[in-house]
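Coordinates in review
Next come the chains, spelled out residue by residue.
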Amino acid sequence: MAEVIDGKSVAEDVVQKVKALTSELSAKGATRPGLAVVIVGEDPASQVYVASKSRTAKECGFHSLQHTLPAETTEAELLKTIGDLNADLSVHGILVQLPLPGHIDAGKVIQTIAPEKDVDGFHFINVGKLGTGELETAFVPCTPAGSMLLIERVRGKDLSGLNAVVVGRSNIVGKPMANLLLAANCTVTVAHSRTKDLPALARTADILVAAVGRPEMVKGDWVKPGATVVDVGINRIPAPEKGEGRSRLVGDVAYAEAAKAAGAITPVPGGVGPMTIAMLMANTVASAYLAAGLKRPSF
Ligand SMILES: Nc1nc2c(c(=O)[nH]1)N[C@@H](CN(C=O)c1ccc(C(=O)N[C@@H](CCC(=O)O)C(=O)O)cc1)CN2
């Protein structure tokens, strides 16, 4: 049976390190890290994630701001909020929770965030830095950055000689994940819905990352014996066995089958998910260090 990679515990380690770095920053006389979280509308899952981000920011000793805007907020009003946060010297990180309501152009909003405060790592400047290996100053999207820390716990930092297959090519997870694995010297293949014989390709992977958003798509016989399996999916599916109208969370990997073949595997919940919020804190404290002209801390 596979080693279960405990994302909750690694995320807690990251948060503890962020707390210590925040105290060290104050001791140096610099401004404490500031994180502004912006949510538009009332999507229930987004409300939970945003509350958790604001709470963790406070726990880390940050100046924590939350802008909760109604669903009818216009694009122009949201851009004005971001402009104000860009100009606010007490704010080192700006995060606009996704998805945004349909009448707002999310791409335009993201590109309005100052790249040096883009702790989500979605701005073209940060995407370009990651793509060209400028990792000293890039902000890397939180979910792939967290997934890499989990992989490092099992495989170490240098992944030379290992084959990685990333299933999914989104801008938020699949593509940055592929770039991070490449930067760690993996041989990387990005698979997607048009890939031929996906099970056979997946079986070549020493590191298999599933980020497709399809419940339990990756089956046990897709997993090479001993592989490290990272499940980025968070899917809520009906669970009639728990009672009428109840649901449960599953990943993109059929966990029980895959765990029989894998060397190590992330569970859902409790794997990659908690790392997303921890890495947001890590990016924000890094932004505050850079703004103070100090060396960027590493995680
Ligand atoms: N601006 C952003 N929007 C969104 C991001 C993002 O990184 N930036 N990612 C996701 C949602 N997300 C954070 O925002 C997020 C998702 C899941 C978790 C998490 O801890 N999941 C738990 C399970 C939670 C549950 O019970 O529902 C787990 O996997 O253990 C944290 C953050 C979309 N939007």
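Residues numbered from 1 in each chain as written. Predicted model: local features only at pLDDT ≥ 70, side-chain atom pairs only at ≥ 80, totals over all residues.

**Details of the overall build of the protein chain**
- From N to C terminus, the protein chain includes ten helices and eleven strands.
- By the compact-globule yardstick of 19 Å for 299 residues, the protein chain fits well, its C-alpha radius of gyration being 19 Å.
- The 299 residues of the protein chain split such that 45% are buried.
- Intrachain contacts of the protein chain at a sequence separation of at least 6 include 68% that bridge at least 24 residues. (Helix = DSSP H or I, 4+ residues; strand = E, 2+ residues; numbered from the N terminus. Rg over C-alpha atoms; globule rule 2.2 N^0.38 Å. Buried ≥ 20, exposed ≤ 12 C-beta atoms within 10 Å, placed from the backbone. Contact = placed C-beta atoms within 7 Å.)

**Details of the site of the ligand**
- If you check the shell around the ligand, you find 17 residues, and the closest are Tyr49, Leu98, Pro269, Gly273 and Thr276.
- Those elements that provide at least two residues to the shell around the ligand are strand 4 (93-96), helix 6 (142-155) and helix 10 (272-291).
- At four residues, the largest contribution of residues to the shell around the ligand is made by helix 10.
- Its residues assigned to classes, the shell around the ligand comprises eleven nonpolar, five polar and one charged.
- Formed jointly, the shell around the ligand draws a minimum of three residues from each of two domains, domain 1 (29-119) and domain 2 (142-274). (Near = placed C-beta within 6 Å. Nonpolar A, V, L, I, M, F, W, Y, C, P; charged D, E, K, R; others polar. Domains from an automatic or database assignment.)

**A word on helix 6**
- The first and last C-alpha atoms of helix 6 sit 20 Å apart over 14 residues, in line with the 20 Å expected at 1.5 Å per residue.
- Looking at the packing, one finds that the buried side of helix 6 touches helix 1 (7-27), helix 7 (174-183), strand 7 (207-210), strand 8 (228-231) and helix 10.
- One or two residues past the end of helix 6 sits Gly156, with phi positive at roughly 85 degrees. (Expected span 1.5 Å × (residues − 1).)

**Observations regarding the packing of helix 1 against helix 10**
- Between helix 1 and helix 10, the shortest axis-to-axis distance is 8 Å and the interhelical angle comes to 15 degrees. Relative to helix 10, the element helix 1 is oriented roughly parallel. In terms of crossing hand, the pair formed by helix 1 and helix 10 is left-handed. Residues Gly7, Lys8, Val10, Ala11, Val14, Val15, Val18, Leu21, Thr22 and Leu25 of helix 1 lie in contact with helix 10, whose contacting residues are Val272, Gly273, Pro274, Met275, Ile277, Ala278, Met279, Met281, Ala282, Val285, Ala288 and Tyr289.
- For the contact of helix 1 with helix 10, the class distribution of residues is 18 nonpolar, three polar and one charged. (Axes fitted to C-alpha atoms, helices over the stretch in contact; angles between N-to-C directions. Parallel < 35°, antiparallel > 145°, perpendicular 65-115°, else oblique. Left-handed = near helix turned anticlockwise from the far one by under 90°.)

**Details of the confidence of the model for the protein chain**
- When pLDDT is averaged along the protein chain, the result is 97; 100% of the residues meet or exceed 70.
- The ipTM for the predicted assembly is 0.96, set against a pTM of 0.97. (pLDDT = per-residue confidence, 0-100.)

**A short note on the nonpolar core**
- Ranked by size, the top nonpolar core spans 92 residues in total, and within it Val166, Val167, Leu181, Ile207, Leu208, Val209 and Ala258 carry the most contacts.
- Element by element, the count of residues in this core is highest for helix 10, at twelve residues.
- Leaving out residues up to four positions away in the same chain, Leu208 has contacts with Val165, Ala202, Val223, Ala227 and Val229. (Core = buried A, V, L, I, M, F, W, Y, C linked by C-beta atoms within 7 Å.)

**Topic: the domain arrangement of the protein chain**
- Segmentation of the protein chain into domains returns domain 1 (29-119) and domain 2 (142-274).
- Look at where the C-alpha atoms of domain 1 and domain 2 centre, and you get two points 28 Å apart.

**Remarks on the pairing of strand 6 (residues 187-191)**
- Two strands pair when backbone bridges link them, and strand 5 (residues 163-167) and strand 6 are joined in this way by five bridges, in the parallel orientation. In the sheet register, Val165 faces strand 6, and the bridge partner there is Thr189.
- In this region the chain leaves strand 5, passes through helix 7 and returns to the parallel neighbour strand 6; the handedness of that crossover is right-handed. (Pairing = 2+ DSSP bridges. Right-handed = clockwise from strand over helix to strand, strands pointing away.)

**A closer look at the sheet that holds strand 5**
- Spatially, six strands are ordered 1-11-8-7-5-6 in an open sheet, and the strand pairing comes out parallel. Each edge of the open sheet is held by one strand with a lone partner, namely strand 1 (3-4) and strand 6.
- Most of the contacts of helix 6 go to strand 8, to which it runs at about 160 degrees, and overall it touches strand 1, strand 7, strand 8 and strand 11 (264-265).

**Describing the pairing of strand 2 (residues 34-40)**
- With respect to burial, strand 2 is a largely interior element, seven of its seven residues being buried.
- Covered by surrounding structure in strand 2 are Gly34, Ala36, Val38 and Val40 together with Leu35, Val37 and Ile39, the residues of both alternating faces.
- Examined bridge by bridge, strand 2 and strand 3 (residues 63-69) share seven bridges and lie parallel to one another. The residue of strand 3 that forms the bridge with Val37 is Gln66.
- At this point the chain moves from strand 2, through helix 2 (residues 44-59), to the parallel strand 3, and the crossover so formed is right-handed.
- Bridging between strand 2 and strand 4 involves four bridges; their strand directions are parallel. Bridge pairing in strand 4 places Ala36 opposite Ile94.

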